[in-house]
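Observations on the model geometry
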Amino acid sequence: MKPERNESSSRRDHALLRKTLLKLTATSRILSAALVVVVVLIWYDALNRLLAFGNGIDYAGNRIVGAEATALLQRYNPYFWGALVTLGSLLLAYLTWMVVRAILARARLRPVDPASFQQLADQLSGASLDVLLWAWQTRDEPLRVGDLMTTRDELAAGRAGRLHRAAEQLAILENARQRQ
């Protein structure tokens, strides 16, 4: 029966952390999503214009390079503009991804407001509080959103059980040390 109670409290704690994190990071997630949508819409318009420009180029008037070179340019023109659009898309996707990562990293560094922290501390189980204390490694700084994210991830990975086993082993070693 005891593991079921720990599992249900772990699920409740995980849900509570997820809800709190969603509330604390909602602004940066919305900003990131809006940025991606705006970039996609602008790039879609720009690539359509770029492809239309590429399709509109006529190399027939270019008599300097000769008829064979002109035919070659006409044949490979769509591939050139397609490659240019692909490279531009990859570059823009990479830059957008880097900006989104920076926005989310900045959100991880934001301190947790006192009201959210008090509510969270009142509702978390003892094992989850132990994991939160373990995740909050820089105690001279206020608790940050990133610490709550680490707590959530470590709870899902079974950190509470490992901390409990470590405490038991420490007690056994201390008892053995005292007997000697």
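In what follows, the structure referred to is the one given above.
I will try to describe carefully the structure that is included in this document. For clarity, every value in this text was computed on a predicted model and none was experimentally measured.

Calculation notes
- Per chain, residue numbering runs from 1 following the sequence as it is written.
- Under the rules for a predicted model, residues below a pLDDT of 70 receive no local features and side-chain atom pairs below 80 are neither given nor counted, while totals for whole chains, interfaces and linings still include all residues.
- Side-chain calculation: all heavy atoms of the structure are included, whereas hydrogens and water are not.
- A pair is scored as a salt bridge if a Lys or Arg side-chain nitrogen falls within 4 Å of a carboxyl oxygen belonging to Asp or Glu.
- In this text, helices come from DSSP runs of H or I with a minimum length of four residues, and strands from runs of E with a minimum of two, each type numbered from the N-terminal end.
- For the exposure calls, accessible area comes from a 1.4 Å probe over protein chains only, and a residue counts as buried if that area is under 20% of its type's maximum, exposed if over 50%, partly exposed in between.
- Think of a nonpolar core as a cluster: buried Ala, Val, Leu, Ile, Met, Phe, Trp, Tyr and Cys residues, connected wherever their side-chain atoms sit within 4.5 Å.
- Note on contacts: a residue pair qualifies if any of its non-hydrogen atoms lie within 4.5 Å across the two residues.
- Working convention: axes come from line fits to C-alpha atoms, limited for helices to the stretch in contact. Angles between N-to-C directions cover 0 to 180 degrees.
- Oblique is the label for any angle not under 35 degrees, not over 145, and not in the 65 to 115 range, which are roughly parallel, roughly antiparallel and roughly perpendicular in turn.
- Amino acids are sorted into nonpolar (Ala, Val, Leu, Ile, Met, Phe, Trp, Tyr, Cys and Pro), charged (Asp, Glu, Lys and Arg) and polar (every other residue, Gly among them).

Throughout the structure, instances matching the rule amount to 6 salt bridges. With its nearest N and O atoms 3.2 Å apart, the salt bridge here joins R49 to D45. With R49 and D45 both in helix α1 (residues 2–56) and 4 residues apart, this pair spans about one turn of that helix. Look at R49 and you get exposed, because its relative accessible area is 59%. According to the relative accessible area criterion, D45 is partly exposed, its value standing at 39%. Here R152 makes a salt bridge to D153, at a shortest N to O gap of 3.2 Å. Assessed through its relative accessible area of 44%, D153 is described here as partly exposed. Each of the salt bridges in this network shares a partner with another, and the network as a whole consists of E154, R159 and R162.

A separate point is the nonpolar core. L17, V112, L120, L124, L143, V145 and L148 are the most contacted members of the largest nonpolar core, which has 15 residues in total. Counting residues per element, the ones that place at least two in this core are α1, α4 (126–135) and α5 (145–156). In this view, L124 contacts D13, L16, L17, L129 and L132; residues no more than four positions away in its chain are not counted.

Let's shift gears to the packing of α4 against helix α6 (residues 159–179). With their axes 9 Å apart at the nearest point, α4 and α6 run at an angle of 85° to one another. The orientation of α4 with respect to α6, classified from their angle, is roughly perpendicular. From α4, A127, D130, V131 and W134 reach across to α6, where they touch R159, A160 and L163. Of the residues assigned to the contact of α4 with α6, the class counts are 5 nonpolar, no polar and 2 charged.

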